[in-house]
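# Examining the three-dimensional arrangement
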Amino acid sequence: MSDDEIRHISEIFPTSLDSIITKRRDEIELHLTTAAEIEELQTDIFTDHEKDTIDDWRLITMEGLLINQRRIMLLGDSRILGHAWITSRVRQIDLQRNVLVTSNSIYKLGLKGEGEPNIHHLIAVCAALTRWGSGEALGVTPFFY
């Protein structure tokens, strides 16, 4: 493989959450969820009907800067599927019981990840934004997963 081909391949892969969105950056931001954002979702959750356990997890936030709209999602590794997974909007979280409720499911939180997501998780975010129909408008590299 030539140096130009290697450089091209490395340019299409995101290196951080911030590098995923390349268009409309003055309108939309993608970042690790802050402690204050998590606190807003904190509540007691009592259940034993979790859909899956997510390891190496992080909460990420996509925020519409002009319209003050926030969407927090769980990103990590699904134990059942065996690969990176991103959920629908997080509605509630209970960090004491390590349980989280999304728009569609309930998840158990396994081992927590630290820092920026790994490349597999970043690609899962790109694939989700592409699948959800907003990837092209936001300049997201179109991955299919």
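Here we summarise the structure given alongside this text.

Conventions we followed
Residues numbered from 1 in each chain as written. Predicted model: local features only at pLDDT ≥ 70, side-chain atom pairs only at ≥ 80, totals over all residues. Heavy atoms only, no water. Helix = DSSP H or I, 4+ residues; strand = E, 2+ residues; numbered from the N terminus. Contact = heavy atoms within 4.5 Å. Lys, Arg positive; Asp, Glu negative; His and termini not counted. Charge placed at Lys NZ, Arg CZ, Asp CG, Glu CD. Buried < 20%, exposed > 50% of the residue type's maximum accessible area, 1.4 Å probe, protein only. Pairing = 2+ DSSP bridges. Phe/Tyr/Trp six-rings, centres within 6.5 Å; stacked < 30°, edge-to-face > 60°. Lys NZ or Arg CZ within 6 Å of the ring centre and 35° of its normal. Expected span 1.5 Å × (residues − 1). Polar contact = N/O pair within 3.5 Å; in protein donor to acceptor, adjacent residues only side chain to side chain.

## With respect to the overall build of the protein
Looking only at helices and strands, one finds three helices and six strands in the protein. Taken from the N to the C terminus, the helices and strands of the protein come in the order α-β-α-β-β-β-β-β-α. Considered along the principal axes of its C-alpha atoms, the protein spans approximately 55 × 35 × 25 Å. In the protein, the share of contacts with a sequence separation of at least 24, taken over all contacts with a separation of at least 6, comes to 61%. Counting 15 positive and 23 negative side-chain charges, the protein places the averaged centre of each group 5 Å from the other.

## Things to note about the pairing of strand β6 (residues 106-109)
Here β6 shows a clear split, with Tyr107 and Leu109 buried on one side and none of Ile106 and Lys108 buried on the other. Across three bridges, strand β2 (residues 52-64) lies against β6 in parallel orientation. Within β6, the position partnered with Thr53 by the bridge is Lys108. With three bridges connecting them, strand β5 (residues 99-102) and β6 associate as antiparallel partners. Paired with Leu100 across the two strands is Tyr107, which belongs to β6. In this structure, the hairpin formed by β5 and β6 is closed by a connection of three residues.

## What to know about the packing of aromatic side chains
Applying the stated criterion across every chain, the model contains zero aromatic pairs. Stacked on the ring of Trp57, the Lys or Arg Lys112 has its end atom at 5.0 Å from the ring centre.

## Quick word on unusual backbone geometry
For Asp56, which is not glycine, the phi torsion reads 50 degrees and is therefore positive. Looking at the element boundaries, Asp56 is found in strand β2. For Asp56, a relative accessible area of 23% gives the class partly exposed.

## Here's the deal with helix α3 (residues 119-131)
The end-to-end C-alpha distance of α3 is 18 Å, a good match for the 18 Å that 13 residues give at a rise of 1.5 Å each. Within the sequence span of α3, burial applies to His121, Leu122, Ile123, Ala124, Val125, Cys126, Ala127, Ala128 and Leu129. Where the residues of α3 are buried, they touch β1 (28-32), β2, β3 (69-78) and β4 (84-94). Of the residues that open α3, the one with a side-chain oxygen 2.9 Å from the backbone nitrogen of His120 is Asn118. Gly133 lies just past α3 and shows a positive phi near 90 degrees.

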